[in-house]
Amino acid sequence: MTDLVIETTDLRKEYRSRRGRLVAVKGLSLHVPVGGVHGFLGPNGSGKTTTIRMLLGLARASGGEMRLFGKEVPRLLPEVMGRTGAIVEQPKFMPGFTGRRNLSLLATTLGQDGRKVDEVIETVGLKGRDKDRYRGYSLGMKQRLAIAGALLKSPELLILDEPTNGLDPAAIREIRETIRGLGESGVTVLLSSHILAEVQQVCDAVSIIGHGALLASGPVRDVIGTRVSGAVRLGLADLAAGAAALEAAGYDVRRALDHLVVETTADPAALTELLAGTGLYVNELTPVRADLETVFLELTADDAGGPL
């Protein structure tokens, strides 16, 4: 039994257009282990959705190999689709039916009963709103209903392509909690998202791609590693005076509640020397560790588009 849920080797996807040949995915080797939430990140047009569509048999690969649960796809896709749930595009639900009625119809086609419907409604946090009509649902509720539909067949792998796209902060938090709970329950979740702060909070591991190729992959803490952001956290008694002195010397300074954040490529000791010359003395000087967004922007700096 393989310990990888998703595995691609030298995966390639080419399109022909009037401008010639377009390479959307270029030699991508992706490895997603069993369990937890795996973030799949890349700028707009980097090949994330194309990769997901190939894994699900919705697009044909131009080269390379793909496996789900150790089974070659798309050749053996029917053998693993029962273990896989996915939301790639907005599902089509009946607007005049309640959320529960929509799920019940879908459950019937999957051979599931009302107990499973109750279970997925509870899992996604729609209990108490499941008898409301779908047309009255907020975007966040519609997305949670979509996740509930994908969970009806108790998938071992759940693939979510931009599940928080267009949602407000409260709805994003609700979806994040749902995804985290699924990962903790043993479901392997592949999460494609452009909200990097959310990804860092919910994901155990990430894979970052650019121009259709893998740039970095591994546990979030390892991908971020010991990188520093090029900024230092600086503490002193008079923050206003310190900020004024540093800005006068040409430094980029951001003031927080009890410290300053100073962007610098020079030896941080130069800051203490400069401030001491004005009668200001530093009581804290520490590097600001990079977050996932910092690493992402660094790795994809030469890639067009935004983080999608």
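Computed from a predicted structure; not experimentally measured.

Chemist: Got a minute to help me understand unusual backbone geometry in this structure?
Modeler: The linkage connecting Val73 with the following residue, Pro74, adopts the cis geometry, with an omega of 10 degrees. Positionally, Pro74 belongs in the loop between strand S6 (71-73) and helix H2 (77-80). Its identity is not glycine, yet Ser154 carries a phi of approximately 50 degrees, on the positive side. Along the chain, Ser154 falls in the loop between helix H5 (139-151) and strand S8 (157-161).

Chemist: How should I be thinking about the pairing of S8 in this particular structure?
Modeler: The side chains of a regular strand alternate between the sheet's two faces. Burial of S8 is extensive: five of the five residues sit out of reach of the surface. In S8, alternate side chains face the same way, and those of Leu157, Ile159 and Asp161 on one face and Leu158 and Leu160 on the other are all buried. Examined bridge by bridge, strand S7 (residues 84-87) and S8 share four bridges and lie parallel to one another. Bridge pairing in S8 places Ala86 opposite Ile159. Pairing of S8 with strand S9 (residues 188-192) involves five bridges; the strand directions are parallel. The residue of S9 that forms the bridge with Leu160 is Leu191. At this point the chain moves from S8, through helix H6 (residues 169-184), to the parallel S9, and the crossover so formed is right-handed.

Chemist: When you look at the pattern of salt bridges in this model, what are you seeing that I'm missing?
Modeler: Counted under the stated rule, the structure contains 17 salt bridges. For Arg100, the salt bridge is made with Asp118, and the minimal N-O distance between the two is 2.8 Å. A residue pair is termed long-range when its members are at least 10 positions apart, and Arg100 in helix H3 (residues 99-109) and Asp118 in helix H4 (residues 114-123) qualify at 18 residues. Take Arg100: its relative accessible area is 23%, and that puts it in the partly exposed class. Across the pair Asp113 and Arg115 runs a salt bridge, and its minimum N-O distance is 2.8 Å. Judged by relative accessible area, Asp113 falls into the partly exposed class, the value being 35%. Exposure remark for Arg115: the relative accessible area of 66% places this residue in the exposed category. Residues participating in the shared-partner salt-bridge network are Arg12, Glu14 and Arg21.

Cut-offs and rules
Residues numbered from 1 in each chain as written. Predicted model: local features only at pLDDT ≥ 70, side-chain atom pairs only at ≥ 80, totals over all residues. Heavy atoms only, no water. Helix = DSSP H or I, 4+ residues; strand = E, 2+ residues; numbered from the N terminus. Buried < 20%, exposed > 50% of the residue type's maximum accessible area, 1.4 Å probe, protein only. Pairing = 2+ DSSP bridges. Right-handed = clockwise from strand over helix to strand, strands pointing away. Salt bridge = Lys/Arg side-chain N within 4 Å of Asp/Glu carboxyl O.

In short, geometric facts, not functional conclusions.
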